[in-house]
Amino acid sequence: MSATEQSVRQATLAEARARDYLALTKPKVVSLIVFTAVVGMFLAVPGLPGLGAVVFGTLGIGLAAASAAAINHVLDARIDAEMARTRHRPLPQGSVSEAHALAFAFVLGAASMLILALLVNGLTAVLTFFSLIGYAVLYTVWLKRATPQNIVIGGAAGAAPPVLGWTTVTGELHADALLLFLIIFAWTPPHFWALAIARRDEYARVGIPMLPVTHGVAYTKQFIWYYTVLMVLVTILPWLSGMSGLLYAAGAAALNAVFLWYAWALKRTERADLPMRTFRYSIHYLTLLFAVLLVDHYLPIRF
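Just so you know, these numbers come straight off a predicted model, no measurement behind them.

Participant: An account of the overall build of the chain is needed here, citing residue identities and associated values.
Facilitator: Helices and strands together make up the secondary structure of the chain, namely 15 helices and 0 strands. What you see for the chain is a C-alpha radius of gyration of 20 Å, in line with the 19 Å of a compact globule of 303 residues. Projected onto the principal axes, the alpha-carbon positions of the chain cover approximately 75 × 50 × 35 Å. Evaluated residue by residue, the chain yields a buried proportion of 49% over its 303 residues. Considering only contacts in the chain between residues 6 or more positions apart, those separated by 24 or more positions represent 74%.

So, in structure tokens, the structure goes:
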């Protein structure tokens, strides 16, 4: 092999290794987490938040989310290898060892805590740490395997990012930040249970007691409907409280109408494509809802 060929081969291997480590961070999930956190930063102040707070807060929260994702990969490596949705992840494929993945997670987590504690503020560092532990340990190690209400209880960790974004800028908790928390908390069950219905056979095979596995699909669809209605009611609160204006109210109403249609159709029909369609829409829904909140913040239309 020539020196040029060897150089190309090494570059290709390095690129593949980088892709594997990037996959450990669940970049699509982390991007949504970071987006909701950044929206929380901008909603926290009347004008624009400080550039340093935005940059270091985004970096610290993003690294913490990536660390939690990598720890989740390590703890779920066995069941990931048995599920079609996850068997191509780096650990089941053997392209990254568990020891290296865990070391990678700890480096990300330590960097996150240092950035937040030294360059942001102590409150955000503490809240982020507990959020990381809540998802990576409490949910993954215990709740996920212990109860069909796992995603409801564990949803608190996933709902924290906008609160973290808020405290990044202000250094204190606020009722409006808790409204953002409640929106994601109520959104999480219908979002994840739709996926769980689509993947129920895989969850059953690996012994994870997701609601469709323990209580059946019809029961889960009923509760997706209940939580969707609850979510719709919660999303009205920013407008009722005066946190947002008519632009948000109109956008939320349109997005909620589509989500209600999906939840109702899922409840009333047996269409095999609806669970995954509902799951995919739920991701777009949350992204657009927070985007509308952000636009409304700077273009307020009130009575």
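Participant: Please set out helix H13 (residues 217-240) residue by residue, giving values where relevant.
Facilitator: Residues separated by three or four positions in an α-helix point in the same direction, a consequence of the helix having 3.6 residues per turn. Under the 1.5 Å per step criterion, the end-to-end length of H13 is 35 Å for 24 residues, consistent within 8% with the ideal 34 Å. All of the buried residues in H13 are Thr220, Lys221, Ile224, Trp225, Tyr227, Thr228, Met231, Val232, Val234, Thr235 and Pro238. If you follow the buried residues of H13, they end up packed against helix H8 (150-158), helix H10 (175-198), helix H12 (211-215), helix H14 (246-268) and helix H15 (274-298). Immediately downstream of H13, the backbone of Gly242 shows phi near 85°, a positive value.

Participant: A description of empty space enclosed by the protein should follow, citing residues and the corresponding values.
Facilitator: Overall, the coordinates contain 1 cavity of 30 Å³ or more when judged by the stated rule. By volume, the largest cavity amounts to about 30 Å³. Lining the largest cavity, in full, are Leu43, Met243, Ser244, Leu293, Asp296 and His297. Broken down by element, the lining of the largest cavity gets its largest block of residues, 3 residues, from H15.

Participant: Can you lay out the nonpolar core for me, pointing to particular residues and giving the numbers?
Facilitator: Generally speaking, nonpolar side chains in soluble globular proteins are found buried as a group. Ranked by size, the top nonpolar core spans 56 residues in total, and within it Trp187, Tyr285 and Phe290 carry the most contacts. Among the elements of the structure, helix H2 (27-43), helix H7 (122-146), H8, helix H9 (161-170), H10, H13, H14 and H15 are those that each provide at least two residues to this core. Top contributing element to this core by residue count: H10, with 13 residues. Here Tyr285 is in contact with Trp187, Met231, Thr235, Leu255, Asn256 and Phe259, once residues within four sequence places are set aside. In terms of nonpolar packing, the next biggest core, distinct from the first, is built from 14 residues, Tyr21, Ala70, Val74 and Ala101 among them.

Participant: So what about the packing of H2 against H15? Which residues, and what values?
Facilitator: Axis angle and axis distance: for two packed helices, these are the angle between their axes and the distance between the axes, and together they describe the pair. In the contact formed by H2 and H15, the axes pass within 10 Å of each other and the chain directions differ by 20°. As summarised for this structure, H2 and H15 are arranged roughly parallel, according to the angle between their axes. Between H2 and H15 the crossing geometry is left-handed. Contact with H2, carried on its side by Leu32, Phe35, Thr36, Val39, Phe42 and Leu43, involves Ile283, Leu286, Thr287, Phe290, Ala291, Leu293, Leu294, His297 and Tyr298 of H15 and no other residues of that element. A per-class count over the contact of H2 with H15 returns 12 nonpolar, 3 polar and no charged.

Participant: Can you lay out helix H6 (residues 98-120) for me, pointing to particular residues and giving the numbers?
Facilitator: Taking 1.5 Å of rise per residue, 23 residues should cover 33 Å, and H6 covers 31 Å from first to last C-alpha, within 8% of that figure. Taken as a whole, H6 has its buried residues at Ala101, Ala105, Leu108, Gly109, Ser112, Met113, Ile115 and Leu116.

Participant: Account for the packing of aromatic side chains, with residues named and values stated.
Facilitator: Both the distance between ring centres and the angle between the ring planes are used here to describe each pair of aromatic rings. The tally for this structure, following the rule as stated, stands at 14 aromatic pairs. A centroid spacing of 5.4 Å and a plane angle of 80° characterise the contact between Trp193 and Tyr227, whose relative ring orientation is edge-to-face. Note that Trp193 is positioned in helix H10 and Tyr227 in helix H13, a separation of 34 residues in sequence. Taken as a pair, Trp193 and Tyr227 share a single burial class, namely buried. Plain terms: the ring middles of Tyr281 and Tyr285 are 6.1 Å apart, the flat faces sit at 55° to each other, and that makes the pair tilted. With Tyr281 and Tyr285 both in helix H15 and 4 residues apart, this pair spans about one turn of that helix. Through a chain of ring-to-ring contacts, the aromatic side chains of Phe259, Trp261, Tyr262, Tyr281 and Tyr285 assemble into a single cluster.

Cut-off values and rules
- Residues numbered from 1 in each chain as written.
- Predicted model: local features only at pLDDT ≥ 70, side-chain atom pairs only at ≥ 80, totals over all residues.
- Heavy atoms only, no water.
- Helix = DSSP H or I, 4+ residues; strand = E, 2+ residues; numbered from the N terminus.
- Rg over C-alpha atoms; globule rule 2.2 N^0.38 Å.
- Buried < 20%, exposed > 50% of the residue type's maximum accessible area, 1.4 Å probe, protein only.
- Contact = heavy atoms within 4.5 Å.
- Expected span 1.5 Å × (residues − 1).
- 1 Å grid on protein atoms, 1.4 Å probe; cavity = no way out; pocket = protein on both sides within 12 Å on 5 of 7 lines; lining within 4 Å.
- Points joined across faces, edges and corners; volume = space filled by probe spheres on them.
- Core = buried A, V, L, I, M, F, W, Y, C linked by side-chain atoms within 4.5 Å.
- Axes fitted to C-alpha atoms, helices over the stretch in contact; angles between N-to-C directions.
- Parallel < 35°, antiparallel > 145°, perpendicular 65-115°, else oblique.
- Left-handed = near helix turned anticlockwise from the far one by under 90°.
- Nonpolar A, V, L, I, M, F, W, Y, C, P; charged D, E, K, R; others polar.
- Phe/Tyr/Trp six-rings, centres within 6.5 Å; stacked < 30°, edge-to-face > 60°.

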